[in-house]
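# Structural overview
The lines below spell out each chain.
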Amino acid sequence: MFEHVGVAFYETFFKRCAELLSQDGVMVLHSIGRSTGPDVTSPWIRKYIFPGGYIPALSEVMPAIEKAGLLVCDMEILRLHYAETLKAWRDRFMARREEAVRLYDETFARMWEFYLAASEMSFRMQNMMNFQLQLTKRQGIVPMTRDYIGNEEARLRLKEAGAAKPRLQLAGE
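A brief look at the structure comes next. (Residues numbered from 1 in each chain as written. Predicted model: local features only at pLDDT ≥ 70, side-chain atom pairs only at ≥ 80, totals over all residues. Heavy atoms only, no water.)

## Notes on the overall build of the protein chain
So the rule is basically this: Helix and strand assignments follow DSSP, with helices taken as H or I runs no shorter than four residues and strands as E runs no shorter than two, numbered in order from the N terminus. Burial classes: relative accessible area under 20% of the type maximum marks a residue as buried, over 50% as exposed, and values in between as partly exposed (1.4 Å probe, protein chains only). Contacts: residue pairs with any heavy atoms within 4.5 Å of one another. Per-residue accessibility takes into account occlusion by the displayed protein chains alone, with areas from the Shrake-Rupley method and a 1.4 Å probe.
A tally of helices and strands in the protein chain yields seven helices and three strands. When its helices and strands are written in sequence order, the protein chain yields α-β-α-α-β-α-α-α-β-α. For the protein chain, buried positions account for 38% of its 173 residues. In the protein chain, once contacts between residues fewer than 6 apart in sequence are set aside, the share between residues at least 24 apart is 74%. Carbon and sulfur atoms make up 57% of the accessible area of the protein chain, which totals about 10,900 Å².

Set out below in structure tokens:
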């Protein structure tokens with residue numbers, strides 16, 4: 001949903017996130033992003049696929065995070081992952097393309113096929129990426145490494161050592 005916030009509202013968005021986040025809370029923001037810096041949305045994408053959407057560059061997001069008083073504890077850039085997702089979606093769509101034509105029409109099917117193929121190539125050629133930002137209000141909320149993620153043994157060691165344990169907090173909690 002972050003792709004629908006809009007650059008003009010990033011500061012408001014992250015300020016509200018900071019207000020909702022408890023002192024020991026952890027926030028993860030997952031978004032499609034541009035790896036080539038700020039740009040405009042393709043008129044075709046804006047009209048037919050993603051009305052009101054905008055793909056942010058990290059250089060547009062980071063200043064708003066800092067102004068909100070949040071800390072980036074971890075960042076992961078998923079380069080080709082979404083290209084593979086889009087390829088799988090296109091393969092599944094193509095397997096049932098005739099059904100889509102019957103439900104909608106040929107124009108829709110061609111448009112959707114083009115969108116999925118073009119988007120996959122945007123991710124493959126590194127124009128687009130997914131980013132995941134882990135945000136907190138203060139240092140020490142999450143461990144220094146990712147060992148604790150999905151690893152019960154690592155979480156037990158942290159607990160025994162008395163380290164701060166990461167806690168997933170849902171908005172408004």
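Moving on from the coordinates now.
## Here we look at the packing of helix H1 (residues 10-20) against helix H3 (residues 58-67)
Applicable threshold: Angular values range over 0 to 180 degrees, each being the angle between N-to-C directions of two axes fitted as lines to C-alpha atoms, with helices fitted over their stretch in contact. Note that the term roughly parallel is reserved for angles under 35 degrees, roughly antiparallel for angles over 145, roughly perpendicular for angles of 65 to 115, and oblique for everything else. Crossing handedness is defined as follows: a turn of the near helix away from the far one that is anticlockwise and smaller than a right angle gives a left-handed crossing, while the clockwise case is right-handed. The classification used treats Ala, Val, Leu, Ile, Met, Phe, Trp, Tyr, Cys and Pro as nonpolar, Asp, Glu, Lys and Arg as charged, and all other residues, Gly among them, as polar.
Packing of H1 against H3 brings their axes to within 8 Å, and their N-to-C directions diverge by 45 degrees. What the angle tells us is that H1 and H3 run oblique. For the pair H1 and H3, the crossing hand works out as right-handed. Between H1 and H3, the contacting residues are Tyr-10, Glu-11 and Phe-14 on the first element and Glu-60, Val-61, Ala-64, Ile-65 and Lys-67 on the second. Here the residues of the contact of H1 with H3 sort into five nonpolar, no polar and three charged.

## Describing the side chain of Asn-130
Among the structural elements, Asn-130 can be located in strand S3 (residues 128-136). Exposure remark for Asn-130: the relative accessible area of 4% places this residue in the buried category. Every residue in contact with Asn-130, bar those within four places of it in the chain, is listed here: His-30, Ser-31, Ile-32, Gly-33, Glu-76, Ile-77, Leu-78, Tyr-82 and Phe-123.

## Notes on the pattern of salt bridges
Counted only if it meets this: Here, a salt bridge means any side-chain nitrogen of Lys or Arg that lies within 4 Å of a carboxyl oxygen of Asp or Glu.
If you walk through the whole model with that rule in mind, you get eleven salt bridges. The partner of Asp-91 in a salt bridge is Lys-87, and the shortest N-O contact between them spans 3.1 Å. In this pair, Asp-91 and Lys-87 both sit in helix H4 (residues 81-95), four residues apart, roughly one turn of the helix. Here the residues in one salt-bridge network are Glu-84, Arg-90, Glu-120 and Arg-124, joined through shared partners.

## Thoughts on the pairing of strand S1 (residues 27-34)
Our working rule: For two strands to be treated as a pair, DSSP must find at least two bridges joining them.
Counted residue by residue, S1 has six buried out of eight residues, so it is predominantly covered. Inspection of the sheet shows S1 paired to S3 by eight bridges, in the antiparallel sense. Paired with Leu-29 across the two strands is Leu-133, which belongs to S3.

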